[in-house]
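Residue strings, one per chain:
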Amino acid sequence: MIVLLICLPPPTPVRDKKQTDEDFDKEMQKYNQKLQEMEEKITTGKLRRGYILTGYNSDRMVAVRSFKKEAKNPPVRDRIEILKKQDKRNKEISEEKTVLDVRSYVSRIPFEELVKGKITCYEEDLLYHALFMDLNTEQQKVIVPGDYSYLSYENSWNAVKKFGKDERAYVLRKTLLNKVAGHLSLSFNAKLFFDWLEEYEPGKLAKIQKPHDATYQKREKKIDEQVKQIEETVSENK
């Protein structure tokens, strides 16, 4: 007979409105530490990864511990493999904690410190790297041709560092235009982009708008005539 012990992951912290950044970061660090400890036990074989059904077409990852008696001295090859996995996971934990601490430190840099100095070339490259990754693959291939369905972050960064004025202008303006693609109504953002188009190519907005205005005026005239007819009919029936 095998008895299983279900070990649930710790609940994800939910930030309270009154909670400070420091308190929440400490809570997140404890949460990540518990997850890492569970992962270490899974890696070393003390626990096994499993899933429990929580609803239709959904499940939840859990750790399972078996009370079945196992061999006290596993083969040397297995022990070495377990130690290698443990070493690999220890390295990952070190990297994850470093990323978490760096992110926490940067998020706390005060405004007065963050605005000091000029924007560096490296920072500009980072900006265009972020903007370029927001473009879809078809748009990316215009300036970085190739047979790919997805451009990795590393390949994007290598490409951005070689961008000239034309490529940077393309990325910046394409990003701006993408932002207006979802605005069908004349919202405030759409008006801003109309102003941009007028500045970029004077007179183009009027040419685009002219046929649509003409169609509207025809429809407006028909509606006015129909309203007038209805009003006259109502007056006659009184």
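Residues numbered from 1 in each chain as written. Predicted model: local features only at pLDDT ≥ 70, side-chain atom pairs only at ≥ 80, totals over all residues. Heavy atoms only, no water.

## Considerations on helix α8 (residues 188-200)
Given 3.6 residues per helical turn, the α-helix brings residues three or four places apart onto the same face. Helix length check: α8 (13 residues) gives 19 Å between terminal C-alpha atoms against 18 Å at 1.5 Å per residue, within 8%. Within the span of α8, buried status applies to A190, F193, W196 and L197. One side of α8 holds all its buried residues, which, seen down the axis, span an arc of 110 degrees. Exposed residues pointing more than 90 degrees away from the buried face of α8 are listed as F188, D195 and E199. Where α8 is buried, its residues contact α7 (165-180) and α9 (204-236). (Helix = DSSP H or I, 4+ residues; strand = E, 2+ residues; numbered from the N terminus. Expected span 1.5 Å × (residues − 1). Buried < 20%, exposed > 50% of the residue type's maximum accessible area, 1.4 Å probe, protein only. Arc of directions from axis to C-beta. Contact = heavy atoms within 4.5 Å.)

## Considering the packing of α7 against α8
The contact between α7 and α8 brings their axes to 9 Å, and the two run at 140 degrees. The angle between the axes of α7 and α8 places the two elements in the oblique class. Crossing hand, α7 versus α8: left-handed. Residue-level contacts link R173, L176, L177, K179 and V180 of α7 to A190, F193, W196 and Y200 of α8. The residue inventory of the contact of α7 with α8, partitioned by class, reads seven nonpolar, no polar and two charged. (Axes fitted to C-alpha atoms, helices over the stretch in contact; angles between N-to-C directions. Parallel < 35°, antiparallel > 145°, perpendicular 65-115°, else oblique. Left-handed = near helix turned anticlockwise from the far one by under 90°. Nonpolar A, V, L, I, M, F, W, Y, C, P; charged D, E, K, R; others polar.)

## Focus: the nonpolar core
Of all hydrophobic cores here, the largest spans eleven residues; its members are Y128, L131, F132, L135, V144, Y148, L151, A159, V160, F163 and V171. Those elements giving two or more residues to this core turn out to be α4 (121-134) and α6 (153-160). Of the residues forming this core, the biggest block, three residues, is contributed by α4. Leaving out residues up to four positions away in the same chain, L131 has contacts with V171, L172 and T175. (Core = buried A, V, L, I, M, F, W, Y, C linked by side-chain atoms within 4.5 Å.)

## Regarding the confidence of the model for the chain
Looking at the chain, pLDDT values average 80 and 80% of them are 70 or higher. Taken element by element, the predicted model of the chain shows its lowest mean pLDDT in strand β3 (residues 58-66) (49) and its highest in helix α5 (residues 137-143) (94). pLDDT under 50 marks residues 66-71. Its contacts with residues more than four places away, or in other chains, come to seven contacts. (pLDDT = per-residue confidence, 0-100.)

## Comments concerning the packing of aromatic side chains
Enumeration over the complete set of coordinates arrives at three aromatic pairs. Residues Y122 and W157 carry aromatic rings whose centres are separated by 5.6 Å and whose planes lie at 75 degrees to one another, so their mutual orientation is edge-to-face. You can see Y122 sitting in helix α4 and its partner W157 sitting in helix α6, a full 35 residues away along the chain. Overall, the relative accessible area of 18% leaves W157 in the buried class. Between F132 and F163, the aromatic rings sit 5.5 Å apart at their centres with planes inclined by 80 degrees, giving edge-to-face as the arrangement. On the criterion of sequence distance, the pair formed by F132 in helix α4 and F163 in the loop between α6 and α7 is long-range, its members being 31 residues apart. Both residues of the pair, F132 and F163, count as buried. Note that K141 overlies the ring of Y148, its terminal NZ or CZ placed 5.2 Å from the centroid. (Phe/Tyr/Trp six-rings, centres within 6.5 Å; stacked < 30°, edge-to-face > 60°. Lys NZ or Arg CZ within 6 Å of the ring centre and 35° of its normal.)

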